[in-house]
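# Topology and contacts: notes
Each chain, written out:
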Amino acid sequence: MDHIGKQTKEVHPRQKANIFSIISFFFTLKLFRKGTQRDLEEDDLYEVLPRYTSKRLGDKFEREWERQKKKNNKNSIVRLLLAVFGKEVFLLGLTQLTSKTIIIIFHPHALSKIISYFNPGQTDMTKNDLYLWSGLLIGVTLIDVVYAHNYHMAMGALGIRIRTAFCSFIYRKALRLSPSRLGDISIGKIVTLITKDVHCLEHFSYLVNDLWIAGLKAGVAGYVIYRKINVAAFAGVGFFIIILPIQFYMGTWAAKLRLKMCKKVDERLQRTQETLSAIKIVKMYTWEKYYNDKVLDAREKEIKSMQLIFYLKMIILQIGVLNGKIAFYLLIMTYKWLGNHVTAEIVYYIDYSFHILSHTLGIRFPSAISQVAEVTASVKRLGNVLKALEVQETPEETDLVIKPKVALNNVDVTFKEKHVLHSINLNVDLGVTLITGQVGSGKSFLLKTILKEFEPSNGTVLTQGRISYASQEPWLFPSSIKQNILFGEKYDETRYQEVLKVCALLYDFELLAEGDATIVEDRGNNLSKGQQARVNLARAVYKESEIYLLDDCLSALDSQVSDFIFKECIMKFLQNKLVIFVSHNVSHVKEVDNVVIMRHGAVTSHVKSADISEKDILQEVDAEEMAIESGDDLEVEAEADEETKLITETTTERKVYQEVKKKGKVDFDVYKKYLQFGGGLFSLFLVVSLYTTAQFFQSYGDKLVSQWVILEQKISNLTLHNTTNTTILQKKEESENKRDYILQLFTAMIVLNTVFGVFKAIGFYSVIRRASINLHKHMITHIVNATMHFFDTNFIGNILNRFSKDLTTVDEFLPFIYHQVFRTALSVGGVMIVIATVNVYFLVPTTFFLGLLMFIRMYYLKTARSLKRLDATTRSPVVGHLNATLEGLTTIRAFKAEDILREEYDRHQDLYTSATYIFISSMRAFAFLLDFLCTLFIATIIARFVFSNDVFLAGSVGLAISQALRMTGTLQWGVRIWAEMENCMTSVERVLEYTEVRQESTQGQDLDNWPKEGEVKYQNVYLSYNESDEYVLKNISFTAHPQEKIGIVGRTGAGKSSIISTLFRLYEVDGRIAIDGVDTKLVSLDCLRKHISIIPQDPVLFTGTIRDNIDPERQYTDDVIWSAIDSAYLKKLIPSLEYEITESGSSFSVGQRQLICLARAIVRNNKIIVLDEATANMDPETDELIHQTIHKCFKACTVFTIAHKLHSIINCDKIIVMDKGEIIECDDPNSLLQNKDGHFYKMAKKAGITTQNAA
């Protein structure tokens, strides 16, 4: 439904690249050039590669899912993945195993050959042999670099395809979720699946092959070591094998914890989404702190479960790192104790082999195990949603139906174990059938049953003809108004203009700067309720159908517009159609063809309108006068929306979910604030000290190994002399004593390294955890307390994106990245010092190499930053589109618009995939270049030994080359992770942006026992929503005396609700508003809003108990709450105050929700009450009961009533008539009726109200 549509982009350079360009990642160069000149924008992204399109991958998953279902009627996520991607994963794994086997066999052998050349007195190796082995070592390392990065690119690309396939499939599944399951599977849960669980599977793709390769690689490495040192090999390799079960147990434990944590994440996201969606209500009830604390409470539980997972992960990784050290120590000691002669060649052969073995079994395999834990949890959660009950698809009728028909035969419907429809027998033919009945009688359920949304537990439903549907609560999605009306139908200019005319929208479009190209915000928030209702109706009417189901879609309109639409649209435009129209308006009863009356989920009457008795009408819909509604002259079609906040700023080319994207490098302030949130400089100093100490013990241990080898060589040479020379014997004894001391020192280093490894993990996580908690706390607190202008200009999808994916990055990826940055930076520093101890001149190439890497990093970062930000901003439309879809599923399915919305979702996802793919390609290109340069560095170190005439000790040669080999891998990883750190800090930057949004003022007095009287005085009040000169309220002045009942009438968009916004100070105004003589600007917002009660236009319920919805702050006793429930006629409906409300109260009808809002107002017992269209969705009988309650409970209050029904306000003490944001009349009803030239008199005359009625 995107009003801009698909934009063609440049063909991806990889499609045109040759094989050399692909394996060297040269195809990314053009983008790097562009990225160094300026910040990259969305237009710079390429067309998604054909293999990665959302539609193609979604289709693959869907086909395989259906095939599995048909085959054994039992679906499995694992089987699905294996069927679609299994072969590719296995082939890539096979190539990886072959490559790594060659490296394991060849690298240590070549290294030991080079070292053996420098053994004193050796004659086996010639200079030419040295050249050959050195050349082979460098050549194989270079080939491994080319292969390794292309393998990781292939696995990363596979991860993107897995993510895209799942996201596409989840969206398709969401479109088919049955209403009964949607209550259990919250919007928050589905958003978590797409932003967290699917990404977990994507990252697992990098490690999946390690699960089966690790064992085989370990076997090869173990065999190679065994061939070299025989039975001593079992001591080291055996230690690895003993430790593995412990790591495996910890991994499975982490899986269980991950499942629990994901539930906590769902809960937090659900609470966040609910709070943001109803922020206006939350502010008016002053419930910010309660809902803020609710979100923070969910966050605390999430962090607690995350904490244990982190410690388990760190222990698993720490065991992995220390395994190698301890196993190497055990192996060498065993080899020595068995009486073998230790040489530099053997030590560094084993050291390098163990380096490979410990990386495989100590890091890659444990990482894969801990990922398995998370993936298992994610797969279970994905399975719950993907296996959920679906709405049965009904094929769209395309054949011309001569006579449309709706027939229900003995239909029963159950929803959440509650019978909502009983024995419905209904046959509806051509013409308009009006359905009426009390609140909660099952009218909406009946329509949704006809739509096949609910599966009857008994009976049959038959529909003959294409169906169109207008929901009771208008559903609009973020796009242009025109796209909201067309909703995927072909554009027919004549029909479109006719629909706008009969839905009274033409004048509205004239007032909007962009007309029907105006962008609709989340839930249509920038349109008035009346405009939303008419756009919602226009969508239903525009669709060419035989059957039209209209669910009370005129209740939000004033009488003139309502009557006009009823006559012109429903009776004329839809003549010769089958129309089922839910309404409480009695004036329509005699004009329709048939009337159906419902009560308690059953049809009590179905007759021709001419046959319905006066008694029935009076019983069910009370007196005719109760339907008389206020309005203005029809020639004034509709006024500028009082809440058209940003409409003058919208343009036809504005992207719906567009975000303001920061440019340039991440500011130092972002790091500074992140550090402050983590505990400040002291915390940083503590962590760096622990990491430095641990690194010192490790590097010193490496140096001790070299000294030990040199001493062993020396002792060996002295032993060969086999002499009784006292000097030689003394030297030998000194060397042995020194060797024993070095071994003791080496043992101490191993122990201290282990202890400090644990300390640094605990200290580091404490800082990171504190930063995460404080970041989220500041973000949610600032957003909840932000001005309404922030919510008018930001989509919920964009905000949720930061609470989901960005926060996941901060919580889960950033700690790992910072850990690696600290570890590698200190590791590289340690290695450089160790190499320098061999030959100080090695510092020259090392420093040059380091400088070159820094320059390349700087060049890379400019592009990477832009791409990382694009990766984040292109994700927002995916989340936003999903969010909007889930809120309007019934309408989408009624219009059979699933395919169109799916195509649009796929388009959003293709853009996101394109951004992610090019980001991974650029990162891999950077890593490839770094590793290529690393190979040159190794060549430099080797060349120094090979071509020099200096004499080198074998131990020193082994130490320098093995450290160089280790440093190059570490250094390129360090530079990459350093660059990635800045990329991930863009998520912190995005979170911090929301900690700086403009806040509502907390200044002002807290007054006791105020207001005592309830007098409200407006003096020259002006209001502008977008802080411009376009005022939606102009020069408003009036006085409401204590206990006066004030009625406010006027057309849709005249400014009625805006007066209420100013009373609650949702927006700051020019002019003065005083309550009991006190200027409201001088009173604190909490004090002001707490002392005004409102029954809002949109009856919002929150997930939680009845008590949470009426008195969340626990200020009132049970008796007081039950009294309010009784006064609101809810006692029969509510069994207990702890009765759970799920998914925004979807199990209650709109009217019942409004009654719960009435109970809230009664409980508060304030002096000033606001009723904003409080009875718009009530049947007249309930409406009358409500007004009796209001009269009884609010007798001593000042009451402001905004209403379309004139009977609601005709007995008020004073009536304010609004038009175009101004008060055009203000007096008591009788005086207004005396003025025969006045607006109110004209309205009353048209409605048949006389002075006697008002008396």
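Residues numbered from 1 in each chain as written. Predicted model: local features only at pLDDT ≥ 70, side-chain atom pairs only at ≥ 80, totals over all residues. Heavy atoms only, no water.

## Comments concerning the packing of aromatic side chains
- Scanning the entire structure with this criterion turns up 50 aromatic pairs.
- Where Phe-32 meets Tyr-860, the ring centres are 6.1 Å apart and the plane angle is 50°; that geometry is what we call tilted. With a gap of 828 residues between them, Phe-32 in helix H3 (residues 29-37) and Tyr-860 in helix H26 (residues 843-873) connect regions that are remote in the sequence.
- A residue is classified by how much of its surface remains accessible, and Phe-32, at 8% relative accessible area, is buried.
- These aromatic residues form a ring-pair network of at least three members: Phe-310, Tyr-674, Tyr-691, Phe-764, Tyr-765, Tyr-818 and Phe-822.
- One residue, Lys-482, lies across the ring of Tyr-491, its end atom 4.0 Å from the ring centre. (Phe/Tyr/Trp six-rings, centres within 6.5 Å; stacked < 30°, edge-to-face > 60°. Helix = DSSP H or I, 4+ residues; strand = E, 2+ residues; numbered from the N terminus. Buried < 20%, exposed > 50% of the residue type's maximum accessible area, 1.4 Å probe, protein only. Lys NZ or Arg CZ within 6 Å of the ring centre and 35° of its normal.)

## Concerning the nonpolar core
- Formed by 385 residues in total, the largest nonpolar core has its most connected members in Phe-166 and Leu-550.
- For this core, the element with the most residues is helix H29 (residues 898-946), which contributes 22 residues.
- With near-sequence residues (within four places) excluded, Phe-166 lies in contact with Phe-61, Ile-77, Leu-80, Leu-81, Val-198, Leu-201, Leu-382 and Leu-386.
- Within the second largest apolar cluster, 14 residues are counted, among which are Leu-1233, Phe-1240, Ala-1244 and Ile-1249. (Core = buried A, V, L, I, M, F, W, Y, C linked by side-chain atoms within 4.5 Å. Contact = heavy atoms within 4.5 Å.)

## Remarks on the sheet that holds strand S2 (residues 418-428)
- One open sheet holds the three strands; their spatial order is S2-S1-S4, and the pairing between them is antiparallel. The open sheet has two free edges, formed respectively by S2 and strand S4 (458-464), since each of these has just one partner strand. The mean inter-strand angle of the sheet, taken between neighbouring strand axes irrespective of direction, is 20°.
- Bridge analysis of strand S1 (residues 405-415) against S4 gives six bridges, and the strand direction is antiparallel. Directly across from Asn-409, in S4, lies its bridge partner Thr-460.
- Packed on one face of the sheet, helix H14 (residues 443-450) meets S1, S2 and S4 and runs near 115° to S1. (Pairing = 2+ DSSP bridges. Axes fitted to C-alpha atoms, helices over the stretch in contact; angles between N-to-C directions.)

## Looking at the pattern of salt bridges
- On inspection of all chains with the given rule, the structure shows 45 salt bridges.
- A salt bridge links Arg-802 to Glu-993; the nearest nitrogen and oxygen atoms lie 3.1 Å apart. Separated by 191 residues along the polypeptide, Arg-802 in helix H25 (residues 796-838) and Glu-993 in helix H30 (residues 954-993) bring together distant segments of the chain.
- The residue Arg-869 makes a salt bridge to Glu-989 at a minimum N-O spacing of 3.2 Å. Taken as a pair, Arg-869 in helix H26 and Glu-989 in helix H30 lie far apart in primary sequence, 120 residues in all.
- A residue is classified by how much of its surface remains accessible, and Glu-989, at 4% relative accessible area, is buried.
- Three or more residues joined by partner-sharing salt bridges are found here, namely Lys-55, Asp-59, Glu-62, Arg-172 and Arg-176. (Salt bridge = Lys/Arg side-chain N within 4 Å of Asp/Glu carboxyl O.)

## Remarks on the sheet that holds strand S11 (residues 1033-1040)
- Spatially, S11-S10-S13-S14 is the arrangement adopted by the four strands of the open sheet, whose pairing is antiparallel. Looking at which strands have only one partner, the edges of the open sheet turn out to be S11 and strand S14 (1078-1079).
- The sheet contact formed by strand S13 (residues 1070-1075) and S14 spans two bridges and is antiparallel. Along S14, the bridge assignment pairs Ala-1074 with Asp-1079.
- Each of strand S10 (1016-1023), S11 and S13 touches helix H31 (residues 1056-1063); the most contacted strand, S10, lies at about 110° to it.

## Remarks on H3
- Residues of H3 that are buried: Leu-31, Phe-32, Lys-34 and Gly-35. Here the buried residues of H3 occupy an arc of 165° about the axis, which is enough to place them on one side.
- Where H3 is buried, its residues meet H26 and H29. (Arc of directions from axis to C-beta.)

## Looking at the side chain of Asp-811
- Secondary-structure assignment places Asp-811 in helix H25.
- For Asp-811, a relative accessible area of 5% corresponds to the buried category.
- Setting aside residues up to four positions removed in sequence, Asp-811 forms contacts with Arg-299, Glu-302, Met-306 and Ser-772.

## Things to note about a nonpolar patch on the surface
- On the surface, Phe-90, Leu-91, Leu-94, Trp-212 and Leu-216 cluster together into a nonpolar patch covering about 450 Å² of accessible area.
- Breaking the nonpolar patch down by element, the ones donating at least two residues are helix H5 (77-117) and helix H9 (210-229).
- If you tally residues by element for the nonpolar patch, the top one is H5, at three residues.
- Mapped onto the elements of the fold, Leu-216 is located in helix H9.
- Residue classification places Leu-216 among the partly exposed positions, given a relative accessible area of 43%. (Patch = residues over 30% accessible without salt bridge, like charges linked within 9 Å, V, L, I, M, F, W, Y side chains within 5 Å. Areas by Shrake-Rupley, 256 points an atom, 1.4 Å probe, with all protein chains shown as cover.)

## A look at the environment of Ser-987
- Note on placement: Ser-987 falls in helix H30.
- The spacing of Ser-987 and Lys-805 is 182 residues in sequence and 8.5 Å in space, taken between C-alpha atoms.

## Describing the packing of helix H4 (residues 54-72) against H5
- Taken N-terminus to C-terminus, the directions of H4 and H5 make an angle of 125°; their axes are 10 Å apart at the nearest point. By the criterion of interaxial angle, the relationship of H4 to H5 is oblique. The two elements H4 and H5 cross, and the hand of that crossing is right-handed. Contacts between H4 and H5 involve Leu-57, Lys-60, Phe-61, Glu-64, Trp-65, Gln-68 and Asn-72 from the former and Ile-77, Arg-79, Leu-80, Leu-81, Ala-83, Val-84 and Phe-85 from the latter.
- Tallied by class, the residues present in the contact of H4 with H5 amount to nine nonpolar, two polar and three charged. (Parallel < 35°, antiparallel > 145°, perpendicular 65-115°, else oblique. Left-handed = near helix turned anticlockwise from the far one by under 90°. Nonpolar A, V, L, I, M, F, W, Y, C, P; charged D, E, K, R; others polar.)

## Topic: a positive patch on the surface
- Together, Lys-71, Lys-74, Arg-79 and Lys-387 make up a positively charged patch on the protein surface.
- If you trace the backbone, Lys-71 turns up in helix H4.
- By relative accessible area, which is 66% here, Lys-71 ends up exposed. (Lys, Arg positive; Asp, Glu negative; His and termini not counted. Charge placed at Lys NZ, Arg CZ, Asp CG, Glu CD.)

## Side note on the packing of H9 against helix H10 (residues 233-277)
- The contact between H9 and H10 brings their axes to 9 Å, and the two run at 160°. It follows from the interaxial angle that H9 and H10 lie roughly antiparallel. Mapping the contact onto sequence places Gly-222, Ile-225, Tyr-226 and Ile-229 in H9 and Ala-233, Phe-234 and Val-237 in H10.
- Taken together, the residues that form the contact of H9 with H10 break down as six nonpolar, one polar and no charged.

## Observations regarding the environment of Glu-546
- When you line up the elements, Glu-546 lands in the loop between helix H18 (529-542) and strand S6 (547-551).
- Overall, Glu-546 belongs to the buried group, its relative accessible area being 7%.
- Residues Glu-546 and Arg-364, 182 residues apart in the sequence, show an inter-C-alpha distance of 62 Å.
- A polar contact is formed between the side chain of Glu-546 and the side chain of Arg-466, at a distance of 2.7 Å. (Polar contact = N/O pair within 3.5 Å; in protein donor to acceptor, adjacent residues only side chain to side chain.)

## Some points on the confidence of the model for the protein
- Averaged over all residues, the pLDDT of the protein equals 82, while 90% of them reach at least 70.
- Contacts of residues 621-654 to residues separated by more than four positions or lying in other chains number 139 contacts, the stretch itself having pLDDT below 50. (pLDDT = per-residue confidence, 0-100.)

## Quick look at the environment of Ile-942
- Mapping Ile-942 onto the fold places it in helix H29.
- Note on Ile-942: relative accessible area 1%, which makes it buried.
- The spacing of Ile-942 and Ala-964 is 22 residues in sequence and 9.2 Å in space, taken between C-alpha atoms.
- If we skip the residues at most four places from it in the chain, Ile-942 touches Ser-134, Leu-137, Ile-138 and Ile-961.

## Description of the state of the cysteines
- Following the criterion strictly, the structure yields zero disulfides and no others.
- Sulfur of Cys-1157: no disulfide; nearest cysteine sulfur belongs to Cys-1193 and is 15 Å away.
- Under the relative-accessibility criterion, Cys-1157 is labelled buried at 0%.
- Here Cys-1212 is not cross-linked by a disulfide; its sulfur's nearest cysteine counterpart is in Cys-1226, at 12 Å. (Disulfide = S-S within 2.5 Å.)

## Section: the pairing of strand S5 (residues 467-470)
- Burial of S5 is two-sided: the residues Ile-467 and Tyr-469 facing one way and the residues Ser-468 and Ala-470 facing the other way are all buried.
- With four bridges joining them, S5 and S6 adopt parallel strand pairing. In the strand pairing of S6, Ile-467 is matched with Ile-547.

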